[in-house]
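# Descriptive structure summary
Single-letter residue listing:
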Amino acid sequence: MVAQDFMLPGFVLLDVRRHLEWFAQDGPDGLVFVGEKGAALRGTTFGRKWGKARDAVGMPKEFRFYDLRHTGNTLAADTGAKLKDLMVRAGQSSERAQLIYQHSTKEHQRKLADDIDSDVRRQRTAVRGLGGGAAAAVHRFPVPPAGSGGAARVR
């Protein structure tokens, strides 16, 4: 397996360092998750350990380990990460695969609406400032009657 650098948010560094120090195998090729006998962690063992950890912190039983991947991708997307950045973080090779792990949240939709509102208000203020208090002009163009076959003339 090829070693790859990846960046973690600062709030998890202490926990990751502790896990590596206390539970992982030593060395750059050491396993991060190790079974009770020091070998690679089997899936069934991991499932039991995950269930205990999830219950200990009060997460719902429906919250799967893989949901952490969805959460991480959504948090990264909410900060403005580009699609390629998200693909690299998740180890995805296609946009389609990446979109499986990215979700829209009400909070982010609210932030988008607030940001759009702020931007439009800022632009309106700028237009009023340049135009002596007048709002942007709206030009109406006549619509040709249905079935006329011709284009409307603008005078």
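Residues numbered from 1 in each chain as written. Predicted model: local features only at pLDDT ≥ 70, side-chain atom pairs only at ≥ 80, totals over all residues. Heavy atoms only, no water.

Here we take up the confidence of the model for the protein. The pLDDT averaged across the protein works out to 81; a share of 80% of its residues lies at or above 70. Contacts for the low-pLDDT stretch residues 150–155, under 50 throughout, to residues beyond four places or in other chains number 6 contacts. (pLDDT = per-residue confidence, 0-100. Contact = heavy atoms within 4.5 Å.)

This model, assessed by the stated rule, comprises 7 salt bridges. Note that Asp115 is salt-bridged to Lys111, the shortest N-O span being 2.8 Å. Pair noted here: Asp115 and Lys111 are both in helix H6 (residues 106–130), with a separation of 4 residues, about one helical turn. For Asp115, a relative accessible area of 39% puts it in the partly exposed group. What makes Lys111 partly exposed here is its relative accessible area of 42%. By sharing partners, the salt bridges in this structure join Arg54, Asp55 and Lys61 into a single network. (Salt bridge = Lys/Arg side-chain N within 4 Å of Asp/Glu carboxyl O. Helix = DSSP H or I, 4+ residues; strand = E, 2+ residues; numbered from the N terminus. Buried < 20%, exposed > 50% of the residue type's maximum accessible area, 1.4 Å probe, protein only.)

On the surface, Phe6, Leu8, Val16, Leu20, Val32 and Phe33 cluster together to form a nonpolar patch covering roughly 520 Å² of accessible area. With respect to the helices and strands, Phe6 occurs in the segment before helix H1 (13–22). Residue Phe6 is classed as exposed on the basis of its relative accessible area, which comes to 60%. (Patch = residues over 30% accessible without salt bridge, like charges linked within 9 Å, V, L, I, M, F, W, Y side chains within 5 Å. Areas by Shrake-Rupley, 256 points an atom, 1.4 Å probe, with all protein chains shown as cover.)

Where two aromatic rings form a pair, the distance of their centres and the angle of their planes describe that pair. Scanning all chains against the criterion turns up 5 aromatic pairs. Here Phe46 and Phe65 contribute two aromatic rings whose centre-to-centre distance is 4.7 Å and whose plane-to-plane angle is 85 degrees, an arrangement assigned as edge-to-face. Highlighted residues: Phe46 in helix H2 (residues 43–56) and Phe65 in the loop between H2 and helix H3 (67–78), separated in sequence by 19 residues. Overall, the relative accessible area of 23% leaves Phe46 in the partly exposed class. Plain terms: the ring middles of Trp50 and Phe65 are 5.3 Å apart, the flat faces sit at 80 degrees to each other, and that makes the pair edge-to-face. You can see Trp50 sitting in helix H2 and its partner Phe65 sitting in the loop between H2 and H3, a full 15 residues away along the chain. Judged by relative accessible area, which is 17%, Trp50 ranks as buried. Among the aromatic residues, ring-to-ring pairing joins Phe33, Phe46, Trp50, Phe63 and Phe65 into one connected group. (Phe/Tyr/Trp six-rings, centres within 6.5 Å; stacked < 30°, edge-to-face > 60°.)

Turning to helix H4 (residues 83–90), a few remarks are in order. Here H4 has its buried residues at Leu86, Met87 and Ala90. Taken around the axis of H4, the buried residues stretch over an arc of 100 degrees, which confines them to a single face. Away from its buried face, by an angle of more than 90 degrees, H4 presents the exposed residues Lys84 and Arg89. In this fold, the buried residues of H4 make contact with H3 and helix H5 (95–100). (Arc of directions from axis to C-beta.)

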